[in-house]
2 protein chains.
Amino acid sequence: MSDLLDKVKNKTAVIAVLGLGRVGLPLASVFSTKKIRVIGVDINEERLSSIKNGKCPFYDPALQENLNESKEIGMLEVANDLEKVKNLVDCIIVTVGTPTTQGNSVDYSQVFTALEEVCKVNLRDKIVIMRSTLPPKTTTEIIIPYIESKTGLKAGKDFQIAVCPERILEGRAVKEIHELPEIVGGINQISNDIVTELFKHINPNKKFSYTTITGAELAKLFANVYRYIGFALSNEFAVWAEMYGENASEIIDVSNYEYSRSNIPKPGFAGGPCLSKDGLFLDNNTTFSSIVSTAWKVNESIPQHVVNKIKEVKGNIFGIKIGVLGISFKAGSDDLRNSPSQKLIELLRATGAQVKVHDPFVNETSSINEVLEDSEVIILATNHEEFKNLANKIENSNAKLIYDVWGMYKKEDIPSLKYLRLGMN
Amino acid sequence: MSDLLDKVKNKTAVIAVLGLGRVGLPLASVFSTKKIRVIGVDINEERLSSIKNGKCPFYDPALQENLNESKEIGMLEVANDLEKVKNLVDCIIVTVGTPTTQGNSVDYSQVFTALEEVCKVNLRDKIVIMRSTLPPKTTTEIIIPYIESKTGLKAGKDFQIAVCPERILEGRAVKEIHELPEIVGGINQISNDIVTELFKHINPNKKFSYTTITGAELAKLFANVYRYIGFALSNEFAVWAEMYGENASEIIDVSNYEYSRSNIPKPGFAGGPCLSKDGLFLDNNTTFSSIVSTAWKVNESIPQHVVNKIKEVKGNIFGIKIGVLGISFKAGSDDLRNSPSQKLIELLRATGAQVKVHDPFVNETSSINEVLEDSEVIILATNHEEFKNLANKIENSNAKLIYDVWGMYKKEDIPSLKYLRLGMN
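Residues numbered from 1 in each chain as written. Chains lettered and ligands numbered in written order. Predicted model: local features only at pLDDT ≥ 70, side-chain atom pairs only at ≥ 80, totals over all residues. Heavy atoms only, no water.

Q: Would you take a moment to explain the overall build of chain A for this structure?
A: Secondary structure assignment for chain A yields 15 helices and 13 strands. For chain A, whose C-alpha radius of gyration is 24 Å, the value lies close to the compact-globule estimate of 22 Å for 425 residues. When its C-alpha atoms are laid out on the principal axes, chain A stretches across 70 × 45 × 40 Å. Per-residue burial over chain A gives 60% buried out of 425 residues. Of the accessible surface of chain A, which amounts to about 16,700 Å², a share of 46% is contributed by carbon and sulfur atoms. (Helix = DSSP H or I, 4+ residues; strand = E, 2+ residues; numbered from the N terminus. Rg over C-alpha atoms; globule rule 2.2 N^0.38 Å. Buried < 20%, exposed > 50% of the residue type's maximum accessible area, 1.4 Å probe, protein only. Areas by Shrake-Rupley, 256 points an atom, 1.4 Å probe, with all protein chains shown as cover.)

Q: Quick question: what am I supposed to make of the relation of the copies chain A and chain B here?
A: Superposition of the two copies of the chain requires a rotation about an axis and a shift along the axis. Its rotation angle being 180°, the transformation that places chain A on chain B also includes 0.0 Å of axial translation and leaves an RMSD of 0.0 Å. Seen this way, the second copy is the image of the first under a two-fold rotation axis. Among all residues of chain A, the one whose C-alpha sits closest to the rotation axis is A:Ile291, at a distance of 3.0 Å. Taken together, the interface assignments show that 100% of the residues at the interface of chain A recur at the interface of chain B, consistent with an identical surface on both copies. (Least-squares fit on C-alpha atoms with pLDDT ≥ 70 in both. Contact = heavy atoms within 4.5 Å.)

Q: Explain the nonpolar core here, please?
A: Here is a general trend for soluble globular proteins: nonpolar side chains tend to be buried in one another's company. Membership of the largest hydrophobic core comes to 116 residues, with the highest contact counts inside it found for A:Ile147 and B:Ile147. With 14 residues, the top contributor of residues to this core is helix α9 (residues 213-243) of chain B. Apart from the residues lying within four places of it in its own chain, the contact partners of A:Ile147 are A:Leu115, A:Val118, A:Cys119, A:Leu123, A:Val128, A:Gly152, A:Phe159 and A:Ile161. In terms of nonpolar packing, the next biggest core, distinct from the first, is built from 39 residues, B:Val8, B:Val38, B:Leu48 and B:Ile177 among them. (Core = buried A, V, L, I, M, F, W, Y, C linked by side-chain atoms within 4.5 Å.)

Q: Can you help me understand the packing of helix α10 (residues 248-256) of chain A against α9(B) in this one?
A: The geometry of a pair of packed helices is captured by two quantities: the angle between their axes and the separation between those axes. The interhelical angle for the contact between α10(A) and α9(B), taken along N-to-C directions, is 60°, at an axis separation of 9 Å. Viewed along their axes, α10(A) and α9(B) adopt a mutual orientation that is oblique. In this structure, the crossing between α10(A) and α9(B) has a hand that is right-handed. Across from A:Ile251, A:Ile252, A:Val254 and A:Ser255 in α10(A), the residues of α9(B) making contact are B:Gly215, B:Leu218, B:Ala219, B:Phe222 and B:Ala223. When grouped by side-chain class, the residues that make up the contact of α10(A) with α9(B) number seven nonpolar, two polar and no charged. (Axes fitted to C-alpha atoms, helices over the stretch in contact; angles between N-to-C directions. Parallel < 35°, antiparallel > 145°, perpendicular 65-115°, else oblique. Left-handed = near helix turned anticlockwise from the far one by under 90°. Nonpolar A, V, L, I, M, F, W, Y, C, P; charged D, E, K, R; others polar.)

Q: I'm lost on helix α13 (residues 340-350) of chain B in this one. Help?
A: For an α-helix the count is 3.6 residues per turn, leaving residues at separations of three or four pointing the same way. Residues and elements named next belong to chain B. Listed as buried for α13 are Pro 340, Ser 341, Leu 344, Ile 345 and Leu 348. End-on view of α13: buried residues confined to an arc of 150°, all on one side of the axis. Exposed residues pointing more than 90 degrees away from the buried face of α13 are listed as Glu 346 and Ala 350. On the buried face of α13, the contacting elements are α12 (291-314), β9 (321-325), β10 (354-358) and β11 (377-380). Immediately beyond the C-terminal end of α13, within one or two residues, lies Gly 352, with a positive phi of roughly 95°. (Arc of directions from axis to C-beta.)

Q: Help me understand the domain arrangement of chain A, please; the structure alone is not making it clear to me.
A: All names here are of chain A. What the domain assignment reports for chain A is domain 1 (2-211) and domain 2 (223-421). At the interface, 16 residues of domain 1 touch 18 residues of domain 2. Sorting the residues of domain 1 by area buried against domain 2 places Tyr 59, Asn 104 and Glu 170 first, and these three jointly supply 42% of that buried surface. Across the contact surface, domain 1 and domain 2 share three salt bridges. With a shortest N-O distance of 3.4 Å, Arg 22 and Asp 335 are connected by a salt bridge. In this assembly, domain 1 and domain 2 are joined by eight residue pairs in polar contact (both at pLDDT 80 or more). When its residues are assigned to classes, the side of domain 1 that touches domain 2 shows eight nonpolar, five polar and three charged. (Domains from an automatic or database assignment. Buried area = accessible area lost by both parts, 1.4 Å probe. Salt bridge = Lys/Arg side-chain N within 4 Å of Asp/Glu carboxyl O. Polar contact = N/O pair within 3.5 Å; in protein donor to acceptor, adjacent residues only side chain to side chain.)

Q: Would you mind showing me how to read the environment of A:Val174 here?
A: Residue and element names in this part refer to chain A. Relative to the helices and strands, Val 174 resides in helix α7 (residues 173-179). With 45 residues separating them along the chain, Val 174 and Ile 129 place their C-alpha atoms 19 Å apart. For Val 174, the residues in contact, after removing those within four places along its chain, are Val 30, Ala 62, Leu 63 and Asn 66.

Q: Help me understand the side chain of B:Thr98 in this model?
A: Here B:Thr98 is to be found in the loop between β4 (91-94) and α5 (109-118). Beyond its immediate stretch of four places on either side in the chain, B:Thr98 contacts B:Val106, B:Asp107, B:Val111, B:Ser132, B:Thr133, B:Leu134, B:Lys277 and B:Phe281.

Q: Help me out: how do you make sense of the state of the cysteines in this one?
A: Linking two cysteines covalently via their sulfur atoms produces the bond known as a disulfide. Residues and elements named next belong to chain B. This model, assessed by the stated rule, comprises zero disulfides over all chains. Here Cys 91 is not cross-linked by a disulfide; its sulfur's nearest cysteine counterpart is in Cys 164, at 12 Å. We classify Cys 91 as buried; its relative accessible area is 0%. Take Cys 119: it sits in no disulfide, and the sulfur closest to it among the cysteines is that of Cys 91, at 16 Å. (Disulfide = S-S within 2.5 Å.)

Q: Would you take a moment to explain the pairing of strand β7 (residues 182-186) of chain A for this structure?
A: Along a regular strand, successive side chains alternate from one face of the sheet to the other. Residue and element names in this part refer to chain A. With five of five residues buried, β7 is to be regarded as a mostly interior element. The two faces of β7 match: Glu 182, Val 184 and Gly 186 on one face and Ile 183 and Gly 185 on the other face are all buried. Bridge count for strand β6 (residues 160-163) against β7 is two bridges, and the pairing is antiparallel. Following the sheet pairing, Val 163 is matched in β7 by Gly 185. Taken together, β7, helix α8 (residues 189-200) and strand β8 (residues 208-210) constitute a β-α-β crossover, and its handedness is right-handed. (Pairing = 2+ DSSP bridges. Right-handed = clockwise from strand over helix to strand, strands pointing away.)

Q: For this particular structure, what's the right way to read the pattern of salt bridges?
A: Opposite charge on two side chains permits pairing when their charged atoms draw close. Per the counting criterion, the structure on display carries 64 salt bridges over all chains. Among the ionic pairs, B:Glu242 bridges to B:Lys309, the shortest N-O distance being 3.5 Å. Taken as a pair, B:Glu242 in helix α9 and B:Lys309 in helix α12 lie far apart in primary sequence, 67 residues in all. Assessed through its relative accessible area of 3%, B:Glu242 is described here as buried. For B:Lys309, a relative accessible area of 14% puts it in the buried group. When salt bridges with common partners are traced through the structure, they connect A:Arg22, A:Glu170, A:Asp334, A:Asp335 and A:Arg337 into a single cluster.

Q: Whenever I open this one, the side chain of A:Glu300 confuses me. Can you help?
A: Looking at the secondary structure, you find A:Glu300 in helix α12 (residues 291-314). What A:Glu300 contacts, discounting residues up to four positions off in sequence, is A:Ser276 and A:Lys343.

Q: Which parts of the structure should I look at to understand the interface of chain A and chain B?
A: For an interface, size is often stated in terms of accessible area lost upon the parts coming together. On the chain B side, the residues contacting the 58 residues of chain A number 58 residues. Taken together, the two surfaces of chain A and chain B that pack against each other cover about 5,100 Å², and 69% of this comes from carbon and sulfur. For chain A, the biggest contributors to the area lost against chain B are A:Tyr226, A:Tyr244 and A:Arg261; these three give 17% of the whole. Counting the contacts that link chain A with chain B gives four salt bridges. A salt bridge links A:Lys207 to B:Glu258; the shortest N-O distance between them is 3.4 Å. One can count 27 residue pairs in polar contact (both at pLDDT 80 or more) joining chain A with chain B. The greatest single-element share of the side of chain A that touches chain B, amounting to 16 residues, is contributed by helix α9 (residues 213-243) of chain A. Residue classes in the side of chain A that touches chain B are distributed as 34 nonpolar, 13 polar and eleven charged.

Rendered as structure tokens:
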């Protein structure tokens, strides 16, 4: 088994990265820039051809740069399955998505597709590294039994396995792959050592913390849930501040000011492909209301809260023209998964409103001029930098009301519109 | 009105502090050590005579030192009402408690007693500073109307008023009165100026942040609720980790390690006179489950969770002898208010268990030897430093089981007892 450790140490081990999305592609690209041979695998042919042409298939300028560098070095290739390269790979890193179903259960379909690929490789003396976010016990109760039953090999003896969860922020992937500490939950010491040596090639000063397999799954969930709850609590504060006719953002500033025990975030939409579902991976295991489920309820309610507040001013909004600025789940991103802005748009359309959307990162949306020209109500839904200087343009539009989810504008900069803001009454 | 500001600036203004508990007494004492004349008022005669004798009526070594210093300077006097000194005082600081009733509503009785005192003073050109923790709108909807109707004076015109909430940790009061920034919500600029000048005598470099009256009430609640939710989430994580047979504290360490987006606290009892009730002051205003109420439910359930876990091992614990170490709500304190340890003891007694308690800070408890000699089950309930070196003594006792709420001991240090710990299975 130390053969693999040696190969990893001297960079002759070949890495396969399964899933070339926002987690897998930056990882594959970064490893290849460290002169390690990487084979990226994905079933999406459009994505593969984009990567082959050196083009990042989603918006991430830093990753695009890294891909350019990778192309020059020539150590990254892509494939649509592992079959052709099954005799080459030594380390398989699984980065596929684990979304939730409409019923909020985990959707393992991508994981099972990936595992089928994994089992094409003769795994003897190889390592499988689970980097996807997983509900607790997935690795010990599903993944290991699956691989063992398909291959007849024994985890921890014939092949190695470790959970090493991703914690990057979208848009900062390349930077954070270098800087963030890695959580490593290997089945044994040798697995931990292999993962450590592998990731040290990214950054020789990288920090590591070690736990059990299930501990690593939980540690990732705990981290994301902790962050998500902060956003939810801030949104709850926003609703309370509105009840009392006060300004939540200002009070949060006052509360945090030079006070180390307070680090309350600002109110706003909280969603996306990670935060909102990671808590469900924990909460799904209990029949009772948890803090996580209550926080989820609060964050998921904020789009409806926005609709309600607009209705308080406008009455029934059936047929009214509404322009929404931003549809992606976070600033500077084109990622629409679990986006509260998108939920807002669905809710508005359900009221019978006529909604137009502009997002500078999403091609299929209307132009900013088209949205501003035509709308009676404007909603600033995603806090893209690109929207910061729009106050004048909004002021000179035909709109009568603006709802500013992120407090991006000042009331006095848009004096001719009625100004509503989350957490302010 | 600038007369009062001048008097405050040149330290000739006399301060009355209403309520000489854990908030009021350190404040009164610290002001007096800055050579400002302070009259401390309380209705508890025992407390007054203790202070008159220079003795802190509760456990707080740093405050005792400050009181010694204050005694030498001789600027602190005490009284059982404001009647006798009503013509002396310029600034009245209200620090009385705002506990909750058994039904979890706010109990304003101490506030109303204090307001009666306040109205004995001719408030013209004086200032009232509310330092108690208050439900939002208490000052504008109750306190100001009360004073105005009793005195015929107009707030902000005839007298000044500001909310300036306390945020000290018990046991660190003297240090934190000097160091923490002050939140100031004055009715007008002059009120803000007066409070600022007054508190600058404590520390000329003190930081201030300004908001509305209600904003100041909310800012205090937001800060405490934010902290309380962190503890609750950690306890929820503990319960989940137990479900998965993992160790919550270790996983939390792994999650936090060098990762700035995670700052998850350790699981343990969370209660006391501030944190658990401050959230209720917000939550009481809604008929729906809030994050705060769910967090409250989690934290308040932990004592029962401890009882349940012990029952899982011992079966019915009717008649069994149980020794509880620690009854105060936090380490190094003798404060029993809203103490989860005390709740635990009540729950144990309700099962029919025979409970003995030792707390080094609480006189009416049994000796450590008496508790250890006699108990079949030991529960480490409060994380007093004094308990840290007891492992050996516990190992050599007759006890068969220990429940370590705080993870103070290592399983291997007490090998002959069964070891249970919050967040570990």
